[in-house]
Amino acid sequence: MTWTDVRADHPFGIATLPYGVFGTPDDPRPRTGVAIGDRILDLTAATRQLAPDLVAVVAGPSLDALLAAGPAQWASLRATVTGWLTDPAWRGVLGPHLVPAAQARMHLPFTVADYVDFYASEHHATNLGRMLRPGQEPLTPNWRHLPIGYHGRAGTVVVSGTEVTRPHGQRRSPDGVISFGPAQRLDIEAELGFVVGPGSPLGQPVSMAEFDQHVLGVCLVNDWSARDIQAWEYVPLGPFLGKSFATSISPWVVPLAALGAARVRPPERAVPLLPYLDDTASPPWGFDIHLEISLNGHPVSHPEFAGMYWTGAQMLAHLTANGASLRTGDLFASGTVSGERPEQRGSLIELSWGGQEPLKLPDGSTRTFLEDGDEVVITATAPGPGGATIGFGEVRGRIRAAVD
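Below: a short report on this structure. Note that this is a predicted model, so its numbers are computed, not measured.

Regarding the overall build of the protein chain
- Check the secondary structure of the protein chain and you find 10 helices and 26 strands.
- Taking 2.2 N^0.38 as the reference for a compact globule, 404 residues should give roughly 22 Å; the C-alpha atoms of the protein chain span a radius of gyration of 21 Å, in line with that estimate.
- On the principal axes, the C-alpha backbone points of the protein chain span a range of 70 × 50 × 35 Å.
- For the protein chain, with 404 residues in total, the buried portion stands at 53%.
- Summarising the internal contacts of the protein chain: among those between residues at least 6 apart in sequence, 73% fall at separations of at least 24.

Remarks on a nonpolar patch on the surface
- A surface patch of nonpolar side chains, about 290 Å² in accessible area, is lined by Leu132, Tyr234 and Val235.
- With respect to the helices and strands, Tyr234 occurs in the loop between α7 (227-233) and α8 (241-244).

Thoughts on the environment of Ala258
- Summarising the element assignment, Ala258 is placed in the loop between β17 (254-255) and β18 (263-264).
- Judged by relative accessible area, which is 3%, Ala258 ranks as buried.
- It is 30 Å that separates the C-alpha atoms of Ala258 and Arg144, two residues lying 114 residues apart in sequence.
- Setting aside residues no more than four positions away along its own chain, Ala258 makes contact with Ala15, Thr16, Arg78 and Ile390.

Regarding the sheet that holds strand β20 (residues 290-295)
- If you walk across this open sheet you meet the 5 strands as β9-β26-β25-β20-β21, and the pairing is mixed. Sheet topology places β9 (164-165) and β21 (298-301) at the edges, where each strand pairs with a single neighbour.
- Two elements, β20 and β21, share 3 bridges in a ladder whose sense is antiparallel. The partner of Leu295 across the bridge, within β21, is His298.

Looking at the nonpolar core
- Core analysis: the largest hydrophobic core is formed by 66 residues, its most contacted members being Phe194, Phe332 and Phe392.
- Only β6 (115-118), β13 (190-196), β14 (215-222), β20, α9 (312-319), α10 (348-351), β25 (375-383) and β26 (389-400) provide two or more residues apiece to this core.
- Not counting chain neighbours up to four residues away, the residues in contact with Phe392 comprise Phe12, Val218, Leu220, Ser250, Trp252, Val254, Leu259, Ile289, Ala380, Thr381 and Ala382.

Some thoughts on the pattern of salt bridges
- Within the structure shown, the criterion is met by 19 salt bridges.
- The partner of Arg31 in a salt bridge is Asp42, with the nearest N and O atoms 2.7 Å apart. Of this pair, Arg31 sits in strand β2 (residues 27-36) while Asp42 sits in strand β3 (residues 39-42), and the two are 11 residues apart along the sequence.
- One salt bridge in this structure joins Asp279 and Arg269, with 2.7 Å as the shortest N-O distance. Here the residue Asp279 occupies a position in the loop between β18 and β19 (286-287), and Arg269 occupies one in the loop between β18 and β19, the gap between them amounting to 10 residues.
- Taking the relative accessible area as the measure of exposure, Arg269 reaches 15% and is therefore buried.
- One network of salt bridges, in which partners are shared, links Asp187, Glu189, Asp223, Arg227 and Lys243.

Parameters at a glance
Residues numbered from 1 in each chain as written. Predicted model: local features only at pLDDT ≥ 70, side-chain atom pairs only at ≥ 80, totals over all residues. Heavy atoms only, no water. Helix = DSSP H or I, 4+ residues; strand = E, 2+ residues; numbered from the N terminus. Rg over C-alpha atoms; globule rule 2.2 N^0.38 Å. Buried < 20%, exposed > 50% of the residue type's maximum accessible area, 1.4 Å probe, protein only. Contact = heavy atoms within 4.5 Å. Patch = residues over 30% accessible without salt bridge, like charges linked within 9 Å, V, L, I, M, F, W, Y side chains within 5 Å. Areas by Shrake-Rupley, 256 points an atom, 1.4 Å probe, with all protein chains shown as cover. Salt bridge = Lys/Arg side-chain N within 4 Å of Asp/Glu carboxyl O. Pairing = 2+ DSSP bridges. Core = buried A, V, L, I, M, F, W, Y, C linked by side-chain atoms within 4.5 Å.

Next comes the structure, spelled out in structure tokens:
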């Protein structure tokens, strides 16, 4: 337990300890912090006073130094912080470094180097296949053999709370008219993001066994999607303007070390996998994570990450299988998390079935896709040790009208 008086079931309890970057009204400088309950421990100040050997690990206006430090330093910092927050002897010393989270302004937690988005949910891929290719096999022939992905735009990854401007792009109407204007089918994608620490040399693949040597932890992702722009542009090369205008991430990075009790086997694979992706004899890297999507304050879906066909370890192995190098701050996301039931779908195109089945909201309004002023909030929890709850915070975004 912790002397900070955090209740046992708080999602940011002693078992979670996520890292973020924050500033306060009296000291707006971005600096590293760790969340404990409804407060943030200023790690920059605490290490300077109590742990000089860890000062460099949490230095700077981002988590970049922590990411680059690697697994040994990650373990040392987590053990040190856990000891501080569980030993009452540190109350008097650390108390002044605890900041109410409500007073903090959260920043983008790390410098995003490269961004890759995957397509790892069989249920999501199947739903889209049925909508886009009715009467045909919904999954493409390669889907069960490799985790499909695409390279996104790192420069448009933004922190939770940043407004998202409705994008412009080309569209093709059902009768074949080509036009340019604001997206009419603006959507969300509820995802889990994996944050890379130490890089890797060009030409040297990273194996699944090295996953936790390169990935510090995870964050929540909303990969906003303009479905009408995407539908016209993506053949034959894939997503471009329909996806690159904004990707929102939560401000907190939850360490893999906090997710030991949440690790589960992924679903049984339908076809044998090639050796570099075959994880049948490896430790499981699926996660029992429960997501919730709210639209204008109303929960509309509860996706389950445990059902994802491809794991983060497999995504990383495939991402580097051709010798592509990793860089500190790389972000790769799971793709939409969707379950087998309608109430577990992780995007509006699925929840409204391509616009044919509008969602009904408590105020009497309906939605197929997002309207200006709509606010989407994605949260998540996972089981922790001894019945604890591991929280991920939230990723929040409001739609702003297109700029003329």
